[in-house]
Structures are given as structure tokens and as C-alpha cells.
Amino acid sequence: MNLHLLVPSLFWPEPALPELYRDLPLSALENLLAKCSYADGEPQEVEAWLCRTFGIAKQEDWPVAPITLQTDGPEHIKAGSDYWIRADPVHLRIERNQVVLADSRVFHISPQEADELTALLNRHFRAAGQETEFLPLRPDRWYLRATETQPVKTHLLSEAANQGINELLPSGINSAFWRSLFNEVQMLLHEHPLNELREARGEPAINGVWFWGGGIVPQSLTCSYTHVWSNDVLSGSLALACGVNHAQLPPDAGIWQQSHIAGNHLVLLGALHGQAQYADAYGWRESLRELERNWFAPLWAMAKLGKFDQISLTALGEKTSRSFTAGRADFRKFWRRTKPISTYAGYDPASKQ
């Protein structure tokens, strides 16, 4: 069995804060990494890594929308050859001289709210004679079929989360249209009574949408994995498009091991990513503690018993990405010294084995 762990934000984004790792019991992870060879790579977001891994070429954007539409869309809505773009609901707030974006990881939106907000938008644009229809196929994942509009270059929602968006708005061909649409939607949603009710309950207003992930369905995909385990809609959709087995992420590696399935497995452990993006140091530490207990400890025990032909771990980050790999024989190399996790997090080239 080969196992590839994808762990976004395994290391805190700011490497100059080694104290964040203090008193964290991470012996299994540290032992696992000590047996690995590793290499640094360019920083990249999860969506970009997944698209590249599944052989998808970048269009103006990584074409996330037409891919996830295959999972989110009902039977009668097909991507076809149309250009689709995500238009996900967001909360926008003024902070100093910037408009800062928060995505649905920090607020809840119900199906009823999503339907009500998109109904307002669709009525407005229909009355204005525009062929613009927002489809809330999931409460927090909205879609727009934009066949009459030129494709545009956007930034991933994950790139914009908890960031000032002034420099992240659509650019390139026809960007004026998309920026105007962004502003018009913001004004319409800001005035909606539903947002007054949300704010009265102490909840963030849904006062904007973020356009991203536009494109047409990729013509071909490739996949070296036989099984994908994740709670992420994009990786699940890619597995579906490739005809690869996909299942929700089990609570822990012990349950995952009970599947006894041979092959090449991709396991996406995404719990740390949102907490790192929103600078939730306490939540990130607690999630890393849980990953150690639920995943790294049992995987280390399995590795020592020779259960894996190869185990890989890819840690995606804002400053760099780091890939770790160990084969069956590497776990018998007792002379490889275990290092504190902060050594890897500090991106110190002198620490390489």
C-alpha cells in the first residue's frame, strides 16, 4: 500500500514563531518525518495542487467551478461546453483602508437564506435584461453560467480569505464587467432585510460574492491514485471525474486502516488550513494535537510494522511547500535523528538530512 497525506498548513505560516509548537506532543509526527527525505517547492493553494496532480491545465483560472458542478449540480444541470464560474457568498468588512473578506468557514448560511439572497439577485438582473442567474447549488457554493461573457482571471477564494481584496479583484479581459458586477451585487445584498436580521443575531452579514474558479470542463484528467479520502468537494469531484474511488475522511487512521484496501491512497487532512488562514493559533494547535492522536500516531505504528511500501506527506504553505517521502526500508534506519517539528517549520536549509 502507498499512502500520500496532503496536509495544508501543517506548519504555521510565520516560521519565526517556534513557540507555537512548544508543549505540543508530536512524537509520532516527528518520528515519521525523521525517516523521510524531503524537498522544498513553491507555495501553492490546495486547489492548484489538486488540479496539477490530476493533470488539469490552468485556463484563465484553475477551472474549479465546472469540476465541482459535477458533484453539486442536480441531474438536469450539466456543465456542457459552457463557461462556469463560482460566485460564493462572503462577508466583507472595512478594516483600515482595505475591504477584508471572510468565507463560509467563519459563518453559517442556511439553504433558505441562500435561496432568498440569490432570488433577489436574479430578479434584479432579469429585470435589467441581463442573462445573469445565480445558482445556490449548495448554501455556501453558488454558481454562475457565463456563456455570454468573456472569461476573466480571478484569485482563488482560499487566496482571498482573511485578506484585503483591493488587489485581488478580477483582472484581464472584461475585468471591468466583473468588477462592476461584484460592486452591484454588494450593494444589493447590503440592503437586504435578511442581513439586518443576521446582524441583529450577531452573525456576519452575507454582503458579497466572490467570483473565482472559472472555466470549461477539462477534456482529460489523469490520476495515479486508486482511492481518495477527503471532506473536500474539489478532490471528491476530481476523483469522480477520473472514475477513482472516493470516500469521506474517516475520524481517524484506525478506522481508515480497517478498509484493508491495497493501492495508492490520497488522504487530505484539511483541519489546519482554515485556522492558519484566520490566524487562530489556539485552534490550529488543538487541531494539530488531534491529528497527532488520531492520524500520525496510528500511521507511525503502521509504518513501523511495514504496512506501507511508501508513505508521502505534502505540507502546503504560504511561504513554501514541503514534500516528505519514505519507503519501507527507511523506517529501519534507526540512525536518522528525530528533530523537533519546529526545525522543519523554520525552513532552515541547514536542517536537511
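That block above? That's the structure.
Residues numbered from 1 in each chain as written. Predicted model: local features only at pLDDT ≥ 70, side-chain atom pairs only at ≥ 80, totals over all residues. Heavy atoms only, no water.

Engineer: Looking at this structure, how should I read the overall build of the chain?
Structural biologist: Counting secondary structure elements, the chain contains 12 helices and 12 strands. Against the compact-globule benchmark of 20 Å for 353 residues, the chain has a radius of gyration of 22 Å, which places it among compact chains. Each principal axis of the C-alpha distribution contributes one length, and for the chain these read about 70 × 45 × 35 Å. Buried positions account for 51% of the 353 residues belonging to the chain. Intrachain contacts of the chain at a sequence separation of at least 6 include 74% that bridge at least 24 residues. With an accessible surface of roughly 16,200 Å², the chain has 50% of that area assigned to carbon and sulfur atoms. For the chain, the separation between the mean place of its 32 positive charges and that of its 40 negative charges on side chains is 10 Å. (Helix = DSSP H or I, 4+ residues; strand = E, 2+ residues; numbered from the N terminus. Rg over C-alpha atoms; globule rule 2.2 N^0.38 Å. Buried < 20%, exposed > 50% of the residue type's maximum accessible area, 1.4 Å probe, protein only. Contact = heavy atoms within 4.5 Å. Areas by Shrake-Rupley, 256 points an atom, 1.4 Å probe, with all protein chains shown as cover. Lys, Arg positive; Asp, Glu negative; His and termini not counted. Charge placed at Lys NZ, Arg CZ, Asp CG, Glu CD.)

Engineer: When you look at the sheet that holds strand β10 (residues 264-268) in this model, what are you seeing that I'm missing?
Structural biologist: Here 7 strands make up an open sheet; going across it, the order is β2-β12-β11-β1-β10-β8-β9 and the pairing mixed. Of all strands in the sheet, those bounded by a partner on one side alone are β2 (37-41) and β9 (245-247). For this sheet, the mean inter-axis angle between neighbouring strands, taken without regard to orientation, is 15°. Sheet topology note: the β2/strand β12 (residues 321-327) ladder contains 5 bridges and is antiparallel. In the strand pairing of β12, Ala 39 is matched with Ser 323. Where helix α8 (residues 233-242) meets the sheet, its contacts fall on β8 (227-229), β9 and β10, and the angle it forms with β9 comes to roughly 155°. (Pairing = 2+ DSSP bridges. Axes fitted to C-alpha atoms, helices over the stretch in contact; angles between N-to-C directions.)

Engineer: Explain the pattern of salt bridges here, please?
Structural biologist: For side chains bearing opposite charge, pairing can occur when the charged atoms are close. Summed over all chains, the structure comprises 15 salt bridges. Here Lys 78 and Glu 75 are joined by a salt bridge, their closest N and O atoms 3.4 Å apart. For Asp 88, the salt bridge goes to Arg 86, with nearest N and O atoms at 2.9 Å. Within the structure, one salt-bridge network assembled from shared partners comprises Glu 113, Arg 198, Arg 201 and Glu 203. (Salt bridge = Lys/Arg side-chain N within 4 Å of Asp/Glu carboxyl O.)

Engineer: Help me understand the side chain of Thr 132 in this model?
Structural biologist: Mapped onto the elements, Thr 132 comes out in the loop between α4 (111-127) and β5 (134-138). By relative accessible area, Thr 132 is classed as buried at 11%.

Engineer: Explain helix α3 (residues 64-72) here, please?
Structural biologist: Since one α-helical turn is 3.6 residues long, residues separated by three or four positions face the same way. Burial within α3 is extensive, with 7 of its 9 residues counted as buried. Listed in full, the buried residues belonging to α3 are Val 64, Ala 65, Pro 66, Ile 67, Thr 68, Leu 69 and Asp 72. Turning to α3, the residues buried within the fold contact α2 (46-53), β3 (84-95), β5, β6 (141-145), β7 (208-215) and α8.

Engineer: How should empty space enclosed by the protein be read in this particular structure?
Structural biologist: Rolled over the atoms, a probe sized like a water molecule indicates the empty space that remains. A complete count under the given rule lists 1 cavity of 30 Å³ or more for this structure. The calculated volume of the largest cavity comes to roughly 110 Å³. Taken together, 12 residues line the largest cavity, and the ones lying closest to its centre are Ser 9, His 273, Leu 316, Gly 317 and Glu 318. A class-by-class count of the residues in the lining of the largest cavity yields 5 nonpolar, 5 polar and 2 charged. (1 Å grid on protein atoms, 1.4 Å probe; cavity = no way out; pocket = protein on both sides within 12 Å on 5 of 7 lines; lining within 4 Å. Points joined across faces, edges and corners; volume = space filled by probe spheres on them. Nonpolar A, V, L, I, M, F, W, Y, C, P; charged D, E, K, R; others polar.)

Engineer: Hey, could you run me through unusual backbone geometry in this one?
Structural biologist: As a rule of thumb, non-glycine residues mostly have phi less than zero, and peptide bonds are mostly trans rather than cis. Non-glycine residue Arg 96 carries a positive phi angle of around 60°. Looking at the secondary structure, you find Arg 96 in the loop between β3 and β4 (98-102). Its identity is not glycine, yet Asn 174 carries a phi of approximately 65°, on the positive side.

Engineer: Even after reading the chapter, I still don't get helix α1 (residues 27-34), so can you show me in this structure?
Structural biologist: In terms of burial, α1 is a largely internal element, 6 of the 8 residues being buried. Taken together, the buried positions of α1 are occupied by Ala 28, Leu 29, Glu 30, Leu 32, Leu 33 and Ala 34. Turning to α1, the residues buried within the fold contact α11 (281-304), β11 (310-315), β12 and α12 (341-345).

Engineer: What is the right way to look at the packing of aromatic side chains in this model?
Structural biologist: Two numbers describe a pair of aromatic rings. These are the distance of the centres and the angle of the planes. Scanning all chains against the criterion turns up 14 aromatic pairs. Ring geometry for Phe 11 against Phe 324: centres 6.5 Å apart, planes inclined by 55°, an arrangement best described as tilted. Separated by 313 residues along the polypeptide, Phe 11 in the loop between β1 (2-6) and α1 and Phe 324 in strand β12 bring together distant segments of the chain. As far as burial versus exposure is concerned, Phe 11 and Phe 324 are alike and both buried. Residues Trp 178 and Phe 211 carry aromatic rings whose centres are separated by 5.1 Å and whose planes lie at 70° to one another, so their mutual orientation is edge-to-face. You can see Trp 178 sitting in helix α6 (residues 175-190) and its partner Phe 211 sitting in strand β7, a full 33 residues away along the chain. With respect to burial, Trp 178 and Phe 211 carry one shared label: buried. A network of ring pairs unites the aromatic residues Phe 11, Tyr 38, Phe 324 and Tyr 344 as a single cluster. (Phe/Tyr/Trp six-rings, centres within 6.5 Å; stacked < 30°, edge-to-face > 60°.)

Engineer: What am I meant to see in the nonpolar core here?
Structural biologist: The nonpolar side chains of a soluble globular protein tend to be buried with one another. Formed by 57 residues in total, the largest nonpolar core has its most connected members in Leu 50, Phe 134, Ile 165, Trp 178, Trp 210 and Phe 211. Element by element, the count of residues in this core is highest for α6, at 6 residues. If near-sequence neighbours (up to four positions away) are discounted, Ile 165 is found in contact with Leu 92, Gln 98, Val 99, Leu 101, Ala 160, Phe 182 and Trp 210. Formed by 43 residues, the second largest nonpolar core is a distinct cluster that contains Ala 28, Trp 256, Leu 299 and Ile 311. (Core = buried A, V, L, I, M, F, W, Y, C linked by side-chain atoms within 4.5 Å.)

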